[in-house]
Amino acid sequence: MEQSSVTVFVVDAFTNELFSGNPAAVCCLENDIPDTLKSKIAAEMNLSETAFATIDTDGSETFEKSTKFGLRWFTPSHEVDLCGHATLATAAVIFHKLGNKEKTIEFKTRSGILKAIQEGESSITLDFPINPPAPYEAENLPDIVRIVVGNLEIQEVQHSATTKKLLLRLADKYNRQDLESLSPSLQDLLAVEKSGVVKGVIVTLQANDKENFDFYSRYFAPWVGIPEDPVTGSAHTVLAPYWQTVYNKHHFRARQCSKRGGDLNIEIVEQRVKLTGQVAHVLEGTIRIK
């Protein structure tokens, strides 16, 4: 019988509180569906990402029993190569909702094999590739900086070629409130950057010694249909190696300072970044596809 509906979950990632962190929609597909339909579902859900998981075996396994899955991520307008919070959400659905008792599961993705590890009852660790940034210059860089941070002083500019993320570090004289007050014009960003070299802008700031964080960040990605992402795992594969050079250490506690906000525990192990977070399960339902 032709499939007429798909089960969809909504999970708030990198938080243990409902209606905070970064919400992702998750569809675990016993039978795959066309990419055009994935795009339509992602547009209908209208979250920063909708994840589509499939069982990466010969068909004899189930979501409950398998350890290997395929995973793709769609924004409302584009498919993307890497998404941390939607991977965390997908792992949480497989572990918590579909009854998978394995310690570690793997996802085959456009960014290679990604692992998700159950850490006790509440936390999940993602094993992601590291994406170190490098110093960056471009003719339109002053315009991008002006649009994003206004008159605030920038201490350093770097760029990750693998993720196409631009990193702007605010000067240490600023505080978290200065970062949270930024309100860039997304249409102006789209107007000044059309080369495709930049697909997202990270703004980061060293944390105050009195706070239980090493650094803060925000992330804007209008080029892929995301005005501001609440909590961005993939951005921290760029932020972690950057702040490693600043602090000369391998473990970090980070806060993404969007309105919803979210926290990440981060560890760098060789050429991998391990991101640990919690989730809050928000919704489970069915979406009609015919």
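The structure reproduced in this document is the subject of the present report.

**Examining the layout of surface pockets**
Piece 1. Taken as a whole, the largest pocket encloses approximately 480 Å³ of empty space.
Piece 2. The wall of the largest pocket is formed by 23 residues, among which V80, D81, L82, T163 and K165 lie closest to the centre.
Piece 3. Classifying every residue of the lining of the largest pocket gives eight nonpolar, seven polar and eight charged.

**What about the pairing of strand β13 (residues 215–220)?**
Piece 1. Where burial is concerned, most of β13 is hidden: six out of the six residues are buried.
Piece 2. Here β13 shows no split at all, with F215, S217 and Y219 on one side and Y216, R218 and F220 on the other all buried.
Piece 3. Relative to β13, strand β12 (residues 200–206) runs antiparallel, the two being bridged by six bridges. Within β13, the position partnered with L205 by the bridge is Y216.
Piece 4. Relative to strand β14 (residues 251–256), β13 is paired through three bridges, and the arrangement is parallel. The residue bridging S217 from the neighbouring strand is Q256, located in β14.
Piece 5. Taking the sense of rotation as the criterion, the β-α-β connection linking β13, helix α6 (residues 233–247) and β14 turns out right-handed.

**Focus: the nonpolar core**
Piece 1. Among the nonpolar cores identified, the biggest contains 55 residues, and W73, I105, F107, A116, I124 and I266 are the most heavily contacted of them.
Piece 2. With eight residues, the top contributor of residues to this core is helix α2 (residues 84–97).
Piece 3. Not counting chain neighbours up to four residues away, the residues in contact with I266 comprise F215, H236, A240, H250, H251, F252, A254, V273, K274 and L275.
Piece 4. The next biggest cluster of nonpolar side chains, apart from the first, holds 26 residues, and it includes V145, L205, A207 and F220.

**Concerning the pairing of strand β16 (residues 272–288)**
Piece 1. As judged from the nine bridges shared by strand β1 (residues 5–13) and β16, these two strands associate in the antiparallel manner. Counterpart to F9 in the pairing with β16 is E284.
Piece 2. Pairing of strand β8 (residues 123–129) with β16, which is carried by seven bridges, proceeds in the antiparallel orientation. Along β16, the bridge assignment pairs F128 with V273.
Piece 3. For strand β15 (residues 262–269) and β16, the ladder comprises five bridges, and the chain directions are antiparallel. Within β16, the residue paired with E267 across the bridge is K274.
Piece 4. Turn length for the β15-β16 hairpin, with the two strands adjacent in sequence and antiparallel, is two residues, and the turn residue E270 shows positive phi of about 55°.

Rules used throughout
Residues numbered from 1 in each chain as written. Predicted model: local features only at pLDDT ≥ 70, side-chain atom pairs only at ≥ 80, totals over all residues. Heavy atoms only, no water. 1 Å grid on protein atoms, 1.4 Å probe; cavity = no way out; pocket = protein on both sides within 12 Å on 5 of 7 lines; lining within 4 Å. Points joined across faces, edges and corners; volume = space filled by probe spheres on them. Nonpolar A, V, L, I, M, F, W, Y, C, P; charged D, E, K, R; others polar. Buried < 20%, exposed > 50% of the residue type's maximum accessible area, 1.4 Å probe, protein only. Helix = DSSP H or I, 4+ residues; strand = E, 2+ residues; numbered from the N terminus. Pairing = 2+ DSSP bridges. Right-handed = clockwise from strand over helix to strand, strands pointing away. Core = buried A, V, L, I, M, F, W, Y, C linked by side-chain atoms within 4.5 Å. Contact = heavy atoms within 4.5 Å.

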